[in-house]
Amino acid sequence: MSSFNQTPLLSYDIVDGSVDSKGRPAYRSNSGGWRSASFIIGVEVAERFAYYGISSNLITYLTGPLGQSTATAAENVNVWAGTVSLLPLLGAFVADSFLGRYRTIIFASLIYILGLGLLTLSALLPSGAAVAGFRSTDLPSSPVPFQLILFFFALYLVAVGQSGHKPCVQAFGADQFDGQDPLESKAKSSFFNWWYCFMCAGTVITLLVLNYIQDNLNWGLGFGIPCAVMVIALVIFLLGTRTYRYSIKGDEKSAFLRIGWVFVSSIRNWRTTPSAIAFEEETRGTLPHQSSEQYKFLNKALLAPNGSKEDGKVCTLGDVEEAKALLRLVPIWATCLVFAIVFAQTSTFFTKQGVTMDRSISPSLDLPAASLQSFISLSIVLFIPIYDRVLVPIARALTRKPSGITMLQRIGSGMFISVVAMIVAALVEMKRLKTAQEHGLVDLPNVTIPMSVWWLIPQYVLFGVAEAFTMVGLQEFFYDQVPSDLRSVGLSLYLSIFGVGSFLSSFLISIIEKATGGDGQYSWFANNLNRAHLDYFYWLLAGLSAVQLVVYVCFAKSYIYNRGGTV
């Protein structure tokens, strides 16, 4: 009798589709959940500390020790940031198809640490301008070629390490919650909020501490600390090994092959008549109405070439549905690109603006310009708990949806706020240029403009709130709306938005730079920012963002959620 009573409990305690570190069935009582997720969140905090220790102040390093122009440095930052955001597509493919997320994270961390170590070495070399002890206020000189090669090699090695780390860590963290269990399903939704909140908390420390070290003490130390932090992160991750849940890969073929064959079969069957497709749908069981009507051409994959059922491989209804689910993501992905272009400006031109303004905190202490980005992270850290604990319950009561508002509504809300942020940025830049003109500083770029850097805070705060809506919404959306065995790829698709956005930002800057006369007095991006016109650029981005929002809303209204979800 006792054994009979225990059986349902043991059956419920087992998590379907997951095993522990020794390959045995995973139990809810001793694996996964917030305990395992806390190790993984800790790793992400450390990784973001290391990443922003490089990216947040990279434009200062390029225009200072490496002696590049403002426009060239901004383009290089955007190209590197774009590469960082696109390479996770490769890392996610390797993880989901071959190594698995756990092993991919370990290998990626080792590459990451190697890249940071070489980056530190490049800053410590005694020749050229990139020497330890360089201050951002010193006059730059050209580094030796070996230094330059080593620096960029190390920089892109970090990008390779990040490619396996970024999509897999977050997907592995979300895997610690069982979406089929009501309690763990709610916890998974909160996981994405708290994940981003703690990640931004680590970023705040980076921007306040590391940027000061890099600007005022030592670039070698400023790059070396992130390297040490990544070593600690790897140790933390390994400590949680026994508590993790590991997803089981089924015997079925890779999702890449299944979905790829749907598109190939659809193209091969392009001459198939609608009546043949309708007959095949009826024979197999009718697809859900909305899904079957959308992207109907993919239903041709249900038949083998020439309408035969014997020749070649025939796709299943599930394969076709998975292909449609991926295709539905494309319009949402594309309409988020302008948001990514706008996002790229926070670590480039916003920082260069801050350098020209009064940053004094005390008579002997100036706030590093790159540290202003900490206000983005601070606003996120403050806003996400309010959103998760106050706004979501209120919205949940009104809409009767578990998440309060849908993922697409959350993303669109952030886009709207980003439009407001760019309008504010343009107005503040107009004020800065007017102040420089009134005090006769237009041709004195090295003289501080008597305008407090705190004027920039509103645009940073607005971007923080926009991120809390859009970035977290995109993460949950691309994790939830892809096939379950492609979730690392889903998160890498989210990252690729910002990769392509960074490349588009670099391309846009290059085109405008050439169209406005290079570094001449009419250039929007002149090295002398007092003669530049960043305000024109910001107005352009505000206009593009407004157009993007209208197009996005049109696509979002017609979007059909995968797996029947509405969250």
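Further up the page is the structure itself.
Conventions used here
- Residues numbered from 1 in each chain as written.
- Predicted model: local features only at pLDDT ≥ 70, side-chain atom pairs only at ≥ 80, totals over all residues.
- Heavy atoms only, no water.
- Buried < 20%, exposed > 50% of the residue type's maximum accessible area, 1.4 Å probe, protein only.
- Helix = DSSP H or I, 4+ residues; strand = E, 2+ residues; numbered from the N terminus.
- Pairing = 2+ DSSP bridges.
- Contact = heavy atoms within 4.5 Å.
- Phe/Tyr/Trp six-rings, centres within 6.5 Å; stacked < 30°, edge-to-face > 60°.
- Polar contact = N/O pair within 3.5 Å; in protein donor to acceptor, adjacent residues only side chain to side chain.
- Core = buried A, V, L, I, M, F, W, Y, C linked by side-chain atoms within 4.5 Å.
- Axes fitted to C-alpha atoms, helices over the stretch in contact; angles between N-to-C directions.
- Parallel < 35°, antiparallel > 145°, perpendicular 65-115°, else oblique.
- Left-handed = near helix turned anticlockwise from the far one by under 90°.
- Patch = residues over 30% accessible without salt bridge, like charges linked within 9 Å, V, L, I, M, F, W, Y side chains within 5 Å.
- Areas by Shrake-Rupley, 256 points an atom, 1.4 Å probe, with all protein chains shown as cover.
- Salt bridge = Lys/Arg side-chain N within 4 Å of Asp/Glu carboxyl O.
- Expected span 1.5 Å × (residues − 1).

1. Description of the pairing of strand β7 (residues 449-452)
Judged by which residues are buried, β7 turns out to be one-sided: Ile449 and Met451 face inward and are buried, whereas Pro450 and Ser452, on the alternate face, are not. Where strand β4 (residues 357-358) meets β7, two bridges bridge the pair, whose relative direction is parallel. Residue Met357 lies in a different strand from β7, and its bridge partner there is Ile449.

2. A word on the environment of Phe350
Residue position: Phe350 is located in helix α15 (residues 349-356). The spacing of Phe350 and Ala370 is 20 residues in sequence and 8.5 Å in space, taken between C-alpha atoms. With residues near it in sequence (within four places) discarded, Phe350 still touches Gln345, Ala425, Leu456, Gln459, Tyr460, Phe463 and Tyr538.

3. Some details on the packing of aromatic side chains
In this structure the tally under the stated criterion is 36 aromatic pairs. Here the aromatic rings of Tyr102 and Phe172 are separated by 6.3 Å at their centres, their planes lie at 50°, and the arrangement is tilted. Here Phe172 lies in helix α7 (residues 145-174) and Tyr102 lies in helix α6 (residues 101-124), a separation of 70 residues in the sequence. Aromatic rings pair up to connect Phe349, Phe350, Tyr460, Phe463, Phe525, Phe537 and Tyr538 into one cluster.

4. Things to note about the side chain of Thr60
Assignment of secondary structure puts Thr60 in helix α3 (residues 58-63). Judged by relative accessible area, which is 12%, Thr60 ranks as buried. At 2.8 Å, the side chain of Thr60 forms a polar contact with the side chain of Asn57.

5. Observations concerning the nonpolar core
Side chains that are nonpolar tend, in soluble globular proteins, to be buried together. Phe477 and Phe537 are the most contacted members of the largest nonpolar core, which totals 137 residues. By residue number, the principal contributor to this core is helix α18 (residues 457-480), which donates 13 residues. Those residues in contact with Phe477 that sit more than four places away from it in its chain are Leu329, Ile332, Met407, Leu408, Ile411, Tyr559 and Tyr561. Membership of the second largest hydrophobic core comes to 12 residues, among which are Leu298, Leu302, Ala323 and Val489.

6. Some words on the packing of helix α19 (residues 487-515) against helix α20 (residues 534-557)
Closest axis-to-axis distance for the α19/α20 pair is 13 Å, and the angle between their directions is 130°. Taken together, the axis directions place α19 and α20 in an arrangement best described as oblique. Classified by chirality, the crossing of α20 by α19 is right-handed. Together, Leu508, Ile509 and Ile512 of α19 and Phe537, Leu540 and Leu541 of α20 make up the contact between the two elements.

7. What to know about a nonpolar patch on the surface
Among the surface-exposed residues, Ile386, Val390, Leu391, Ile394 and Leu398 lie close enough to one another that they form a single nonpolar patch of about 460 Å² accessible area. If you trace the backbone, Val390 turns up in helix α16 (residues 374-399). We classify Val390 as partly exposed; its relative accessible area is 39%.

8. Re helix α13 (residues 317-334)
Spanning 18 residues, α13 covers 27 Å between terminal C-alpha atoms, matching the ideal 26 Å at 1.5 Å per step. Listing the buried residues of α13 in full gives Asp319, Val320, Glu322, Ala323, Lys324, Ala325, Leu327, Arg328, Leu329, Pro331 and Ile332.

9. What to know about the environment of Ala421
Here Ala421 shows up in helix α17 (residues 407-438). When its relative accessible area of 0% is taken as the criterion, Ala421 is described as buried. For the pair Ala421 and Pro458, spaced 37 residues apart in sequence, the C-alpha to C-alpha distance is 7.8 Å. Contacts of Ala421, omitting those with residues within four sequence positions, involve Gln459, Leu462 and Phe463.

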